[in-house]
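Understanding the architecture of this molecule
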Amino acid sequence: MSDGSGAGGSTFTRAMQKRRKDLRESMTDSTIEMSSQHDTIQQMLSADDGGVIDEMETIDPIEELQDAENLVEKLQNDREERRRELFQSLEPAEETDVKPIRQKRKPKATSRDIEEIPTIPETIVEAEEGRVKSSDKGAKPTPAKRKGKKSKEPMSMEDAIMSVKTGMVSEKAPGNLNASIRERIKKKMLQTKEKAEETMREEVEKDPDRDFPARKLRGMRARDTITRFDESTILTKEEIEEDKMLQESIAAKSRWKVAFKAVKAKTSHIPTSEEAYDFFTRNFDPEPEEPEKVAAGDQPGPSSPREEEAQPKSTRDEEEKKDEDKEEDETPLLSEHFLYQDDWKDHPSSMRSAEYMPWRYRQEAEKGYYFVPSTEYINVKEKGPAEAEPRYLEDEGFYVGVKPSVSQRNRNLMEHRLLNRDDKGSQWFGADGLIKALPDPLKDMPSRPRVVPNEEREPALQTVYKKAIVSEFDNWYIDGLGDELGGRYQLDVDVNTLIFTHHSLFSKEHVLASRLRQMYDQYLKRKQKDVAHYLTEKLKALRGAVKTLEEQLVNMRHADPDSSTVQEHQHRLQEYKYEIRQTRRLRDYELQHDRQLLLSIIKTWRDIKALREAEECTNTPVRLGVRKEESNKREDEAVWKADIEDEVSEMREEYEEDYQGEIERYKEALIEWKDYMKQKKANKRKKKQQGSRESLEVLTEANGNEEEEPLEEIPKPTKPSYSFNEDEAKQKTRENMCKIRRKPGEPMLTPELSNTAVITPTSDCSKAEQARRSDMLRCKCFVKVLFNNKEVSRTGTRSMTSDFTLHFGDIFNIQIMQWPESVKLQVFETGTLINTLLAEIFAVVPDTQVTQDKVQLESLDFGSDQRVTYEHSAVGSGYTFHLGSGDTSGEEMQLFTQGQLLASVSWGLAEDNTPLIPPSATHANANELGPLNHLDAVAAIGATGLVDPERLAKWVSEARLDPNDPANANLLHMMRDFQGEGGKILKQAAQFFRLEQLQEEFNFVSHEVLESSKRFRLISLREKEVPEFRNYKMVPLIEKEIPDTAFADYEKRKHMEEHGILEEDVDPHRAAVAKFLGKVRERVMARFRAAQHQYSLPDVVNEDQVPDVSMLSTIILRLIEPKRPLRPQRKERKTVTAQNLSGLQVNLLINIERAIEIPVRKSTGRQDGQSTSYGTVRPFVEVVFQQSIKQTSVAEGPNPNWNEELIVPFQAPNNDYSPSNLQGVKDVIYFNLFDEVLIDMLQDERDRATNIHQRMERRWLGSISMPFSTIYFQNRVSGTFRLNTPSVLLGYDRSPDSMSRIQGGNQTNATYISVFITIEPPLSPPEPLKEKFDSNEDEKLLSYAENYQTSLSVKFPKREVTTSVMDINGKSVFVTRYFRPIKPPAILIEDGNNSLKVAVSIIVSYTMWSEYEEPPFNTLHF
Amino acid sequence: MATNPTVFLVMISGQIETADFPEFDDLYVKYNFVFGTDWVITSGLEEGISQVCKKSNDGRGLFAWNFPLEVTFKSTNPYGWPKLVVSCYGLDVFGTSVVRGYGAVHIPISPGRHTRTIPMFVPESTSRFQKFTSWIMGRRPEYVDANVVARGEGREVTRVRSQGHIRVSFNIVTRDMKKLGFDVIPSTLSIPSAATAAALATDTNPGAAAAAVPTANVPTSAAS
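This text gives an overview of the structure that appears in the document.

Calculation rules
- Residues numbered from 1 in each chain as written.
- Chains lettered and ligands numbered in written order.
- Predicted model: local features only at pLDDT ≥ 70, side-chain atom pairs only at ≥ 80, totals over all residues.
- Heavy atoms only, no water.
- Helix = DSSP H or I, 4+ residues; strand = E, 2+ residues; numbered from the N terminus.
- Buried < 20%, exposed > 50% of the residue type's maximum accessible area, 1.4 Å probe, protein only.
- Contact = heavy atoms within 4.5 Å.
- Areas by Shrake-Rupley, 256 points an atom, 1.4 Å probe, with all protein chains shown as cover.
- Expected span 1.5 Å × (residues − 1).
- Buried area = accessible area lost by both parts, 1.4 Å probe.
- Salt bridge = Lys/Arg side-chain N within 4 Å of Asp/Glu carboxyl O.
- Polar contact = N/O pair within 3.5 Å; in protein donor to acceptor, adjacent residues only side chain to side chain.
- Nonpolar A, V, L, I, M, F, W, Y, C, P; charged D, E, K, R; others polar.
- Pairing = 2+ DSSP bridges.
- Phe/Tyr/Trp six-rings, centres within 6.5 Å; stacked < 30°, edge-to-face > 60°.
- Lys NZ or Arg CZ within 6 Å of the ring centre and 35° of its normal.

Observations regarding the overall build of chain A
Counting its regular elements, chain A contains 42 helices and 26 strands. Of all 1422 residues assigned to chain A, the portion counted as buried reaches 36%. Residue pairs at least 24 apart in sequence account for 72% of intrachain contacts in chain A once pairs closer than 6 positions are excluded. On chain A, roughly 90200 Å² of surface is accessible, and the fraction owed to carbon and sulfur atoms is 53%.

Describing helix α20 (residues 564–615) of chain A
Helix length check: α20(A) (52 residues) gives 75 Å between terminal C-alpha atoms against 76 Å at 1.5 Å per residue, within 8%. Count one or two residues on from α20(A) and you reach Glu616(A), which has phi positive near 60 degrees.

Re the interface of chain A and chain B
Facing 30 residues of chain A, the contacting portion of chain B comprises 37 residues. Interface of chain A and chain B: buried area, both sides summed, is about 2700 Å²; carbon and sulfur atoms make up 55% of it. It is Met1034(A), Leu1037(A) and Asp1104(A) in chain A that bury the most area against chain B; as a group they hold 24% of the surface buried on that side. Applying the counting criterion to the chain A and chain B interface returns 1 salt bridge. Our count for the contact surface shared by chain A and chain B stands at 11 residue pairs in polar contact (both at pLDDT 80 or more). Mapped by element, the contributors of at least two residues to the side of chain A that touches chain B are α31 (1014–1023), α34 (1097–1100) and β14 (1101–1102) of chain A. Residues of the side of chain A that touches chain B, tallied by class, amount to 14 nonpolar, 7 polar and 9 charged. Alignment of β14(A) against strand β9 (residues 142–143) of chain B, held across 2 bridges, turns out to be antiparallel. Considered in β9(B), the bridge of Asn1102(A) is made with Glu142(B).

Looking at the packing of aromatic side chains
Within this structure, the stated rule accounts for 24 aromatic pairs over all chains. Where Phe94(B) meets Trp135(B), the ring centres are 5.4 Å apart and the plane angle is 65 degrees; that geometry is what we call edge-to-face. Of this pair, Phe94(B) sits in the loop between β6 (83–91) and β7 (97–106) while Trp135(B) sits in helix α1 (residues 128–137), placing them 41 residues apart in sequence. Residue Phe94(B) is classed as partly exposed on the basis of its relative accessible area of 47%. Here the aromatic residues Phe8(B), Tyr31(B), Phe33(B), Phe35(B), Trp39(B), Phe67(B), Phe73(B), Trp81(B) and Phe182(B) are joined through ring pairs into a cluster of three or more. Against the face of Phe1047(A) rests Arg1017(A), its NZ or CZ located 4.5 Å from the ring centre.

Some words on the pattern of salt bridges
All names here are of chain A. The full count for this structure, using the stated rule, is 43 salt bridges over all chains. Where Asp-607 meets Lys-603, a salt bridge forms, and the shortest distance between an N and an O atom there is 3.3 Å. Here the residue Asp-607 and the residue Lys-603 both occupy positions in helix α20, the gap between them amounting to 4 residues, near one helical turn. Judged by its relative accessible area of 14%, Asp-607 falls in the buried class.

Here is the structure:
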């Protein structure tokens, strides 16, 4: 509250107090009622107002209204009282009118009345007066007081009744409400009050009549509405008028109520100032008589003065007082909320229940405040401009764009919203009544912001164009940096001609022709080189050199035989001679080659001719002409002769050299032999001398002689004979020359190939040929050019000519930015759908010198492994065909498509003839450019070649490396060494190879120490899995701790094995066998172990089998089969591996089912009463396993049925449940069958009545034992077993029925027991080791045998079929190898042939049983 | 016995700390030690199985087991040095427990605290179809014996897929190793040549030699 209002409030309070004081005084003075009437009324009103205001401030306005009505009612009651008094005094008749109503009212209002009664007397007059006054004021100011009052009376009575009624209704208002809500409301009210106070005060100051409606309300309070009890006719004009006003005020009130409710609904909202204003002004009922004061003093809120007022005055009803008390109680709590501790007094509050308003009312109430757009469809007419028919532009032919799709629902919502606007959203709806969703195409102004051109922008905002930059570290690009692309580089790729040397569409003739052509090319090349001629010349020169050298040598020998020059010359001579030999060999080879070539050219041409004749058509234009050149026979012969002589002399020289060598060798050997002979003789002599000496000495001497004797007998060398046969040599050379040279007098042949043959027109050809030619016409090719693996261009498709050449003649100028890495040409053959890639050809990226003007076409060979075959005469490719005339000269051929592409790659030239070559050859990619390729060893001969010194040397010599280049220094140096040493050193080095070079250095002890150390020996023996040490644990660390006896057993065994030392009582043959067996066992064990260490996937990884059909079918069957089978079967359980077993107790589950044929006790004479009947037995079974003994219960009779499960614990040795360990368990399960016999022990017969004294005896009847391993391997054992029973059981006999059976059948005297034994949890059974041993058998047979075995095992799972067994070498061998013919039984033979035939006929042969489903004998197959 | 030890002891305490398996949840680990024939566990657990752990909700997505390992080995031979084999299992979509990874690591040889990150892997199905069926049936391929991962034998027949990592920390205490001639601590390793050099140095300087003689370790430590 503001200071001003607070001050105003205080002054007002003071004034009021003063007045009250005055009043009290006047009351005590007992002045005339009327005189003080004015004051009292005023007081009363002010009090009343104060109360009203107070309630307004603090409590729910509705309650407040009710209170106000209560007050009105109270006043009316008072008035009534008074009137009754009046009536009683004036007109008693009228009472009848009133009474029933009163009676009616009373029961309802009693409580109220009773409460109110004490206060009434004091207030009656004032209240009535006030009422009248106020009502008058509300209606019209003029009417006389008394009269008005009187005329009003009946009506006011009705009013009273109504008000009572309403009061009753209002009483029902809930009073129990949450304090917190109340507080919140209070706070809000306070806030609004503060605001409203100020505004109101201003308003009131401005216009005091503003609170007129409130007065109306006040009037309404006084009068209330017309009820159905009222009769309008009774009403006076004034009353009608008054009613009218009242109606208005009621309407206003109800409106206000609704509004307030709305406000209430949104409790979280602070009421707007306007609402607050309304709220206060409507209820505010200031005293009109003193407008100034009341306006100030009647400010809502300050309750303290009113409270003070209430104290002296008793006009308050008790209810209100109570409320106030409550308020007072609560104030301390509230006070905390105020800034100043005492402020709470100025902001009183009271606790009221929160309001609940049913939803429908609330909705109703909120209608005016909220707009909830509905989703209903709006008619078009409602939307468009008023009174305008909707136009559909589309129908009129205008272009209407496609509107963005919005769901109908959302569109409706939007339309509703738009329509709700003040302007009805008229500009949003188009002519067609739909929301405009597209820009108007006719609009002048663009709907989007204009893009200002760069130049018009402010300089600071202008953008600058920058070209995208390639990363400068990208060395793909020639110019690297992207901003300076100055260089223009161009590669010219010339794809000229494509020639197929073989094509799938080649006819046979083509094949031959192309061969001919190739050979002819070769011939031309050879001719150009003329190697043979060159070599002949060389030979001549060499011979000349040798001659001169020899002459020089002779001269020099004369002069100075021992000088070094002579030596040197001799050496050189040797070299020359060697070279002559080499050259001659080469020349001979060349000559032979030339001749061969010539011959084959002619032969091929003949073939072609033959083929042309056979086919009766010519396919190729090839024609070979042979030019003969007559030769001078005599000249030829002279040359021939000279050559022969030369050669023969050389041969002789050669032979002589060899002979010299032989002679020398012979001489050496002879000298050796002579020495030997000499020594021999000397020895003989010695022996003779020693003959006379003593025997002992002889012995020693003999030993000594023995030592000497190893001198081997040297045979006398034979002298090599000189036998150079000149004629023979001559003959040889002549023959040789005939082979390789033109014979003397033979004409010189020069083949000339021309393409002049006329190709037979297609129409004259055979059908096959026609088909081929038409195919050929269809066949088209093109070439793709790829630069750095990107297609750059491609030639046009060209069709094949008859000689299978395609001329493209395209030159592609490729402007490049990247370093050229590869230029690839791909040859494609067009097909109907797909172009097939025939070949990829890599063209060489040109050197920097190779420019467009210098380059020559290169022929690039290519090949394809495409396989094509045709039905017509074309030979296809990749398929063999027969070539030749079919008889002798025919040959099988298989050719793949091959060809040559004449193409070139070069650097382009600019218009001014400057080459467009990238600048730097020093670039990292430079060596990829090629010029250095032949200088790079790795590139030239491959990395592997570097290891091979010979190849490297060869390359070095070929490459002619620059010896002055320091880069080559290392290599050349190495090569010099290599050549200088004759390659021997390097070769030796290469032969030497060490796997672990530093093995010696890394041995942590020397080998000797390793050998002698007991510890290491133990470890190594253990590693070898020697049986004695296989499971040796904790090999001691210190040598001393190893007992000396550790190896005793092992050594003993070894010794025994080696020397076959055996016990005496074994005969030597057996011992040898045993030893042999031992060795076999050892070897087998070794192999076995090796096999054990070979794993397959199922050994290592546990993976579920893929469900196949059989598995699925079993699953389906399981679904079908009855749920509770009559004969339940034992289910398979999942096995447990050893690891998961730790902590689990492993038990043997032994189910003793029944026993049959148990012997029964003989009925002896000594029958003690128990076993009176004949043949009684009370058997039970006892199971003994490891340390535990379990037994079944006792059954009765010789064929008992126990069906009892005994659980016997199983303990694996060392608690190791691994399969390998379990295999070795040797424990045995014993089943003992006993008869339990009760023997009466009672001595004294007299005690029999009272005592029982018996002894239980068990008598053993039989037993059976079963090794644990059986159960372990089988996983379960079930069946009926025969018990081992003594043949005679004293005191027992067979029961008569069993006896009869025995006699009837051939049943023996035996007892049987049925048991089922298994292990719980099921242990994983040991893997049946597959014998995968080496075998010498054929792989195919082995696999076949395996298949056979598996197929049989599927068919007959119970049969044991073996195909292979192990032999003594530990290798697997077919069983059949051990099959030997057996002689038929003697009877058959003796009997004559008949029975033998019968026997043979019984044997079913393979062919027979193959007709049946299954073989009758498995082994018969072998 | 303190004077003449015949065995050396390796005491391991540590824990399987965390794991990183990006795709899985609900994992638990099983561990066991694999060691050579000359090794014996004198105290502690050879095998163990941890609680089931869910992935942490933070960005790291870690599994924290903090599963303690405490075991003491006695041995006479460093050959067959113990290995820790960790196999990780988890529930798959259908709630069946399938293996999520195998891994193995040698126990660190030198005393002190070590942290090891073990990469984990599982054997792959032999075929795609098998993979599918195994996924459906919740029976993925597993090693018959988890200790295979600690051995080299028989691994060539399997194909595996990497799955995640497990972090294990070890605190190693050894006893009598040095007395028995096994020096595993780099700081005390004596280099023979250096030792002789040190000895020579002490020879030349008798005063220093006198000081060095009483404690055997001084020359070596000085050398290092």
